[in-house]
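Fold and contact review
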Amino acid sequence: MKTSVNLAGVELKNPVMTASGTFGSGAEYSEFVDLKELGAVVTKGVANVPWPGNPTPRIAEVYGGMLNAIGLQNPGIDVFCERDIPFLKQFDTKIVVNVCGRTTEDYCEVVERLASEPVDLLEINISCPNVKEGGIAFGQDPKAVEAITREVKKYAKQPIIMKLSPNVTDITEMARAAEAGGADVLSLINTLTGMKIDIERQKFAIANKTGGMSGPAVKPVAVRMVYQVAQAVKVPIIGMGGIASAEDALEFILAGATAVSIGTANFFNPYATVETVRGIEEYMRRHKVDDINELIGAVR
């Protein structure tokens, strides 16, 4: 039974990955999860300099999920290269580094730094506000998506995954723009923008007012977007958004995703990733599927 999948020439032993920002950089979950059982570990976002993140409170629970406005707090690329990459290299799994930035130059600086590091893929988080364009996220303007993809590709030695924001009118327009810019892989969806108000205190539940909504409630939106993008582009897709089990993961694969990322579920079930790996194998046995690739996009 073959469970391995291919992302732009990088072979993953199975299609299950972690979603950026929900798994630290691997070390935080290594007591719960044998990292070598995963197809890949996706790190939290890394910037060219340390980011302190947003003021607190930064997380709020909502029905069917959570809101977060962490603000991409991270120690910066120097600490990441010295501490986190050597840790992850101990495990037989692929390493995907999520990259964030405030300007195109910021992204390119990190990508260039990682060119000589032993990591397998780079995931570019284009839901960051573009400081030079008045704060609109890179991922909300197709011209900006294509431009940043093209620029990042000039510096990258590893295949590039562009992570798409769902907070747009037409996700396929963004997907095509990323593909036109030279993206090797697409990942979607990032969080949906949401808000929660504490009615007793009559204040916003999160200091940032809005936050990114994730968790089981976003899954139908994510499955729909993955399906639409799979029809629109030729590059492989990593699906994410509310995946908490093998059943959830298989929906994304049948909709057209080559691999899947598990995010918020790690917070309420730290074993979600490995349980999903086993659940997919069990499903393949039950349905007499010899190769997981037969399932990718099987539902038209």
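Before going into details, it helps to say that this report is about the structure given with it. (Residues numbered from 1 in each chain as written. Predicted model: local features only at pLDDT ≥ 70, side-chain atom pairs only at ≥ 80, totals over all residues. Heavy atoms only, no water.)

Observations concerning the pattern of salt bridges
- Within this structure, the stated rule accounts for 15 salt bridges.
- Salt-bridge contacts for Asp84 lead to Arg83; the nearest nitrogen and oxygen are separated by 2.8 Å.
- Here Glu251 and Lys219 are joined by a salt bridge, their closest N and O atoms 2.6 Å apart. Of this pair, Glu251 sits in helix α6 (residues 246–255) while Lys219 sits in helix α5 (residues 219–232), placing them 32 residues apart in sequence. (Salt bridge = Lys/Arg side-chain N within 4 Å of Asp/Glu carboxyl O. Helix = DSSP H or I, 4+ residues; strand = E, 2+ residues; numbered from the N terminus.)

Points about the sheet that holds strand β6 (residues 65–68)
- One open sheet holds the 4 strands; their spatial order is β5-β6-β14-β11, and the pairing between them is antiparallel. Here the strands that pair on one side only, and so sit at the sheet edges, are β5 (59–62) and β11 (192–195). Put simply, the sheet's adjacent strands are angled 40° from each other on average, direction ignored.
- Sheet topology note: the β5/β6 ladder contains 4 bridges and is antiparallel. Residue pairing across strands places Ile59 opposite Asn68, the latter belonging to β6. (Pairing = 2+ DSSP bridges. Axes fitted to C-alpha atoms, helices over the stretch in contact; angles between N-to-C directions.)

Topic: a nonpolar patch on the surface
- Taken together, Met195, Ile197, Ile199 and Phe204 make up a surface patch of nonpolar side chains, about 410 Å² in accessible area.
- Tracing the backbone through its elements, the reader meets Ile197 in strand β12 (residues 197–198).
- The exposure class assigned to Ile197 is partly exposed, which follows from its relative accessible area of 48%. (Patch = residues over 30% accessible without salt bridge, like charges linked within 9 Å, V, L, I, M, F, W, Y side chains within 5 Å. Areas by Shrake-Rupley, 256 points an atom, 1.4 Å probe, with all protein chains shown as cover. Buried < 20%, exposed > 50% of the residue type's maximum accessible area, 1.4 Å probe, protein only.)

Focus on the nonpolar core
- Membership of the largest hydrophobic core comes to 90 residues, with the highest contact counts inside it found for Met17, Leu114, Ile124, Met162, Leu186, Leu188 and Ile280.
- Listed in part, the 5 residues of the second largest apolar core include Ala60, Leu67, Ala69 and Ile206. (Core = buried A, V, L, I, M, F, W, Y, C linked by side-chain atoms within 4.5 Å.)

Some remarks on the packing of helix α1 (residues 77–88) against helix α2 (residues 104–114)
- Remark: α1 packs on α2, axes separated minimally by 11 Å, with the N-to-C direction vectors making an angle of 35°. Handedness of the crossing formed by α1 with α2: right-handed. Contacts from Ile77, Asp78, Phe80, Cys81 and Ile85 of α1 reach α2 at Val110, Arg113 and Leu114. (Left-handed = near helix turned anticlockwise from the far one by under 90°. Contact = heavy atoms within 4.5 Å.)

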